[in-house]
Amino acid sequence: MTIFPISVTRIAIHIVLLFALVVAAAAAAPDFNYPAVFNFGDSNSDTGARVAAGFESIGPPYGQTFFLKPAGRFCDGRLVIDFLLDAMDMPFLNAYLDAVGAPSFQKGCNFAVAGSTILPATASSVSPFSFGIQVSQFLRFKDRVLQLLAKGNKFKKYIPQVDFFSQGLYMFDIGQNDLAGAFYSKTEDQVIASIPVILLEFETGLKKLYDQGARKFWIHNTGPLGCLAQNIAAFGKTPSKLDELGCVGSHNRAAKLFNLQLHALCTKLQGNYADASITYVDIYSIKHDLIANFSRYGFEDPLAACCGYGGPPLNYDSRIPCGQTKTLNGSSVTALGCNDTTEYVNWDGIHYTEAANLHISSQILTGKYSDPPFSDMMPFLLKLEF
């Protein structure tokens, strides 16, 4: 696969780190096949829904590293979900809202939309496609698929088979925007107090999916929100607000408490649904370790945006999104991408680079960050394509 020029040495470091993982896993990798994957979430796993919905367009340099053009993802290349699907020998998921180009949903569908929350959207929400709406879209999707299947095999190569809905994997990466957005109008204590309400809404959605036959759940917790340049710029102006890594302490504390309660919910649901498989994945620990030990993993900068404006230390200005040109103080300025995306953990101040997503995926696939863990029966082999 041809990509934009990047540091060969740095890529080599990432490959060496991952090669050890692949070799160690190869001998123990059993059959771990899902006929389909259904994903729910926000921009961490949105593969084109927000663009398809017409909310905004994504221009260069988004997508430059792998797709060589914008690909509906808020990243320079692939997302964690792309790497996970590739590891399962599955095609990238098409967005549910993307109707152009005859998308195939035979192997699953992606309902994630950037900006989405677990709680129902309000008039001021960034996205109207909250978790409840995404679940409703799935119900509509399933109902329509069953109608088409009843007409014969005409649409077989475009839609899932009936048993794919009970045998497929249901993935979730959502909740980040509920917490991060709340900090703009609430105190830390108020944000923390809202967590049970958020998770009750999440539980309601999971139950609806279970009632529709879903049995295999893969749930990511939320990452260290306080380490995103967007939040550091807005809430970290006072040094006392920052922790030892330069991240906003309040946001990370809220994220950890959210994750603690999410983990407890997963444990409860596993007890309630004995015939279901519920895997909780500790994304927070993976991302926090990456930021704390960035140089060990071959990165140069853990917090600054690769694509942004303003220069060190964050290279982020909320007034000028990545790739856009604006007039500031009478001058035209552009938020440009960096020369080597593999040097950076953060892409645009909010989302991670493909290089960081590759690292995160490799750690997920060790099984060490999951409950229940699966490191003793490593099911994935990560195929490296550069």
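Residues numbered from 1 in each chain as written. Predicted model: local features only at pLDDT ≥ 70, side-chain atom pairs only at ≥ 80, totals over all residues. Heavy atoms only, no water.

Asker: What's the story with the overall build of the chain in this structure? I'm lost.
Answerer: A count of helices and strands for the chain gives 12 helices and 10 strands. Here the chain, with 386 residues, has 53% of them falling under the buried criterion. Intrachain contacts of the chain at a sequence separation of at least 6 include 72% that bridge at least 24 residues. Element-wise, carbon and sulfur atoms account for 56% of the exposed surface of the chain, whose accessible area totals about 16500 Å². (Helix = DSSP H or I, 4+ residues; strand = E, 2+ residues; numbered from the N terminus. Buried < 20%, exposed > 50% of the residue type's maximum accessible area, 1.4 Å probe, protein only. Contact = heavy atoms within 4.5 Å. Areas by Shrake-Rupley, 256 points an atom, 1.4 Å probe, with all protein chains shown as cover.)

Asker: Help me understand the pattern of salt bridges, please; the structure alone is not making it clear to me.
Answerer: Side chains bearing opposite charge may pair, as long as their charged atoms lie close to each other. What the rule picks out here adds up to eight salt bridges. For Glu354, the salt bridge identified is with Arg78, shortest N-O distance 3.0 Å. With Glu354 in helix H12 (residues 354–364) and Arg78 in the loop between helix H2 (49–52) and helix H3 (80–87), this residue pair connects regions lying 276 residues apart in the sequence. For Arg78, a relative accessible area of 4% gives the class buried. (Salt bridge = Lys/Arg side-chain N within 4 Å of Asp/Glu carboxyl O.)

Asker: Even after reading the chapter, I still don't get the sheet that holds strand E5 (residues 277–281), so can you show me in this structure?
Answerer: In a beta sheet, neighbouring strands pair by backbone hydrogen bonds and run either parallel or antiparallel. Here six strands make up an open sheet; going across it, the order is E2-E1-E3-E4-E5-E10 and the pairing mixed. Looking at strand neighbours, the two that pair on one side only are strand E2 (108–110) and strand E10 (370–371), the edges of this open sheet. Where helix H8 (residues 195–211) meets the sheet, its contacts fall on strand E1 (37–41), strand E3 (169–173) and strand E4 (216–220), and the angle it forms with E4 comes to roughly 155 degrees. (Pairing = 2+ DSSP bridges. Axes fitted to C-alpha atoms, helices over the stretch in contact; angles between N-to-C directions.)

Asker: I keep staring at the pairing of E1 and nothing clicks. Help me out?
Answerer: Looking down a regular strand, the side chains alternate between one sheet face and the other. Among the five residues in E1, five count as buried, and that is most of the element. Burial along E1 is two-sided: the residues Val37, Asn39 and Gly41 and Phe38 and Phe40 are all buried. Here E1 runs beside E2; their pairing, made up of three bridges, is parallel. From the neighbouring strand, Val37 faces E2, where its bridge partner is Gly108. The pairing of E1 with E3 spans five bridges and is classified as parallel. Paired with Phe38 across the bridge in E3 is Tyr170.

Asker: I tried to follow empty space enclosed by the protein on my own but got confused; where do I start?
Answerer: Any empty space left between the atoms is revealed when a probe the size of a water molecule rolls over them. According to the stated counting rule, one finds four cavities of 30 Å³ or more in the structure shown. One number sums up the size of the largest cavity: a volume of about 110 Å³. (1 Å grid on protein atoms, 1.4 Å probe; cavity = no way out; pocket = protein on both sides within 12 Å on 5 of 7 lines; lining within 4 Å. Points joined across faces, edges and corners; volume = space filled by probe spheres on them.)

Asker: Explanation requested: a positive patch on the surface in the structure shown.
Answerer: There is a patch of like positive charges on the surface, built from Arg140, Arg144, Lys151 and Lys154. Here Arg144 shows up in helix H4 (residues 131–149). A residue is classified by how much of its surface remains accessible, and Arg144, at 33% relative accessible area, is partly exposed. (Patch = residues over 30% accessible without salt bridge, like charges linked within 9 Å, V, L, I, M, F, W, Y side chains within 5 Å. Lys, Arg positive; Asp, Glu negative; His and termini not counted. Charge placed at Lys NZ, Arg CZ, Asp CG, Glu CD.)

Asker: How do you make sense of the packing of helix H11 (residues 283–292) against H12 when you look at a structure like this?
Answerer: Relative placement of two packed helices is described by the angle separating their axes and the distance separating the axes. Look at H11 against H12: their axes get within 10 Å of each other, and the N-to-C directions meet at 130 degrees. As summarised for this structure, H11 and H12 are arranged oblique, according to the angle between their axes. Both H11 and H12 take part in a crossing whose hand is right-handed. In contact with Ile283, Ile286, Lys287 and Leu290 of H11, H12 contributes Ala356, His359, Ile360, Gln363 and Ile364. (Parallel < 35°, antiparallel > 145°, perpendicular 65-115°, else oblique. Left-handed = near helix turned anticlockwise from the far one by under 90°.)

Asker: Sorry, what's going on with the state of the cysteines here?
Answerer: Note on terminology: disulfide describes a covalent bond linking the sulfur atoms of two cysteines. Considering all chains together, one arrives at three disulfides under this definition. Disulfide pairing places Cys306 opposite Cys338 at an S-S distance of 1.9 Å. On the sign convention where negative means left-handed, the S-S torsion of about -80 degrees between Cys306 and Cys338 marks this disulfide as left-handed. You can see Cys306 sitting in the loop between strand E6 (301–305) and strand E7 (325–328) and its partner Cys338 sitting in the loop between strand E8 (331–334) and strand E9 (344–346), a full 32 residues away along the chain. Given the relative accessible area of 2%, Cys306 is considered buried. Residue Cys338 is classed as buried on the basis of its relative accessible area of 16%. Disulfide pairing places Cys307 opposite Cys322 at an S-S distance of 2.0 Å. Handedness here is read from the sign of the S-S torsion; for Cys307 and Cys322, about 95 degrees, the answer is right-handed. You can see Cys307 sitting in the loop between E6 and E7 and its partner Cys322 sitting in the loop between E6 and E7, a full 15 residues away along the chain. Here the two residues Cys307 and Cys322 agree in accessibility, since each one is buried. Taken in N- to C-terminal order, the disulfide-linked cysteines of the chain are connected 1-2, 3-6, 4-5. (Disulfide = S-S within 2.5 Å.)

Asker: Help me understand the side chain of Asn315 in this model?
Answerer: Among the structural elements, Asn315 can be located in the loop between E6 and E7. Of note is the side chain of Asn315, whose polar atom sits 2.9 Å from the backbone oxygen of Ala305. Those residues in contact with Asn315 that sit more than four places away from it in its chain are Ala305, Cys306, Cys307, Gly308, Tyr309 and Gly310. (Polar contact = N/O pair within 3.5 Å; in protein donor to acceptor, adjacent residues only side chain to side chain.)

Purely geometric stuff here, so don't read any function into it on its own.
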